Amino acid sequence: RLLELPWLLLVGWGNHFWNLWLWVQEIRRYYWLWPVAKADIYWMLEYGLRSPFAISRRATRTGQLPEDLTVYGETPWTTLERMCEAAQLRSEQRFVDLGCGTGRTLLFVSLWYGCNTLGYELVERFVDKFAWLQHKLKLASQAQMKAVNWLDVELEGDVFLLVGSCYSDTHL
């Protein structure tokens with residue numbers, strides 16, 4: 001067990017450098033469009049001191065939500081762009097994110113593609129923080145997030161995002 005620790009530390013540091021590299025790529029590719037840069041900066045300010053991973057974990061520990069419905073992860077914008085291009089996303093379409101986490105995907109898609117976006121999220125703290133971002137960025141009509149389980153609603157939209165690795169086989 002003691003021999004595992006150096007490898008775990010190495011993997012952890014590698015992950016941090018990989019995330020930094022992805023973020024630099026996002027800055028180079030997307031920050032020329034000021035509304036996208038502004039949204040991401042506000043997002044980072046909101047989550048800089050309290051990581052989304054910790055917020056999601058806390059929702060699980062306090063018993064608000066089952067563990068298999070609060071797995072958190074962010075899809076890099078470079079990956080989202082490839083997915084949206086493959087789906088031929090157009091500005092007149094509605095993009096729906098099923099389990100949208102912090103809503104960073106909603107911000108990107110609404111600002112980069114000009115789409116109306118809607119996200120469903122169970123962690124209420126994410127929904128509250130997104131409401132603040134929505135207000136700050138004046139995106140109330142363009143990007144929305146609801147504190148509802150998407151399994152319990154009639155879904156309407158044109159392009160849907162579901163990150164299946166965040167759900168158990170039972171919920172898929």
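Each remark here, short or long, concerns the structure printed above.
In this report, the structure presented in the accompanying data block is examined. Computed from a predicted model, the values in this text were never measured in an experiment.

### Points about the overall build of the chain
When helices and strands are tallied, the chain shows 6 helices and 4 strands. Going from N to C terminus, the chain has its helices and strands arranged as α-α-α-α-β-α-β-α-β-β. Classification of the 172 residues of the chain by burial places 41% in the buried group. Partitioning the intrachain contacts of the chain with sequence separation of at least 6 by distance along the chain shows that 68% fall at a separation of at least 24. Carbon and sulfur atoms make up 57% of the accessible area of the chain, which totals about 10500 Å².

### Digging into the layout of surface pockets
In this structure, the largest pocket spans a volume of roughly 730 Å³. Around the largest pocket, the lining is made up of 20 residues, and of these Asn19, Trp23, Trp43, Phe53 and Glu74 lie nearest the centre. Counting only elements with at least two residues in the lining of the largest pocket, the list comes to α1 (4-30), α2 (34-47) and α3 (52-61). Looking at which element gives the most residues to the lining of the largest pocket, the answer is α1, with 7 residues.

### What about the sheet that holds strand β4 (residues 159-161)?
The strand order across the open sheet built from 4 strands is β3-β2-β1-β4, with neighbouring strands paired in parallel fashion. Each of the sheet's edge strands pairs with one partner strand only, and the pair in question is β3 (143-146) and β4. Averaged over all pairs of adjacent strands, the angle between their axes in this sheet comes to 15°, without regard to strand direction. Two strands pair when backbone bridges link them, and strand β1 (residues 94-98) and strand β2 (residues 116-120) are joined in this way by 5 bridges, in the parallel orientation. Residue pairing in the sheet places Phe95 in a bridge with Thr117 of β2. Each of β1, β2, β3 and β4 is contacted by helix α5 (residues 104-113), which is oriented at about 170° to β2, the strand it contacts most.

### Focus on the pattern of salt bridges
Applying the stated criterion across every chain yields a total of 5 salt bridges. Across the pair Lys129 and Glu46 runs a salt bridge, and its minimum N-O distance is 3.4 Å. Residue Lys129 is located in helix α6 (residues 124-137), and its partner Glu46 is located in helix α2; the two are separated by 83 residues in the primary sequence. We note that Lys129, like Glu46, is buried. Across the salt bridge formed by Glu92 and Arg90, the nearest N and O atoms sit 2.6 Å from each other. On the accessibility criterion, Glu92 (55% relative accessible area) is exposed. For Arg90, a relative accessible area of 42% corresponds to the partly exposed category. In this structure, a network of salt bridges that share partners links the residues Glu26, Asp40 and Arg104.

### Details of the pairing of β2
Counted residue by residue, β2 has 4 buried out of 5 residues, so it is predominantly covered. In this region the chain leaves β1, passes through α5 and returns to the parallel neighbour β2; the handedness of that crossover is right-handed. For β2 and β3, the ladder comprises 4 bridges, and the chain directions are parallel. When the sheet's bridge partners are listed, Gly119 is paired in β3 with Met145. Running through α6, the crossover from β2 to the neighbouring parallel element β3 is right-handed.

The rules we used
Residues numbered from 1 in each chain as written. Predicted model: local features only at pLDDT ≥ 70, side-chain atom pairs only at ≥ 80, totals over all residues. Heavy atoms only, no water. Helix = DSSP H or I, 4+ residues; strand = E, 2+ residues; numbered from the N terminus. Buried < 20%, exposed > 50% of the residue type's maximum accessible area, 1.4 Å probe, protein only. Contact = heavy atoms within 4.5 Å. Areas by Shrake-Rupley, 256 points an atom, 1.4 Å probe, with all protein chains shown as cover. 1 Å grid on protein atoms, 1.4 Å probe; cavity = no way out; pocket = protein on both sides within 12 Å on 5 of 7 lines; lining within 4 Å. Points joined across faces, edges and corners; volume = space filled by probe spheres on them. Pairing = 2+ DSSP bridges. Axes fitted to C-alpha atoms, helices over the stretch in contact; angles between N-to-C directions. Salt bridge = Lys/Arg side-chain N within 4 Å of Asp/Glu carboxyl O. Right-handed = clockwise from strand over helix to strand, strands pointing away.

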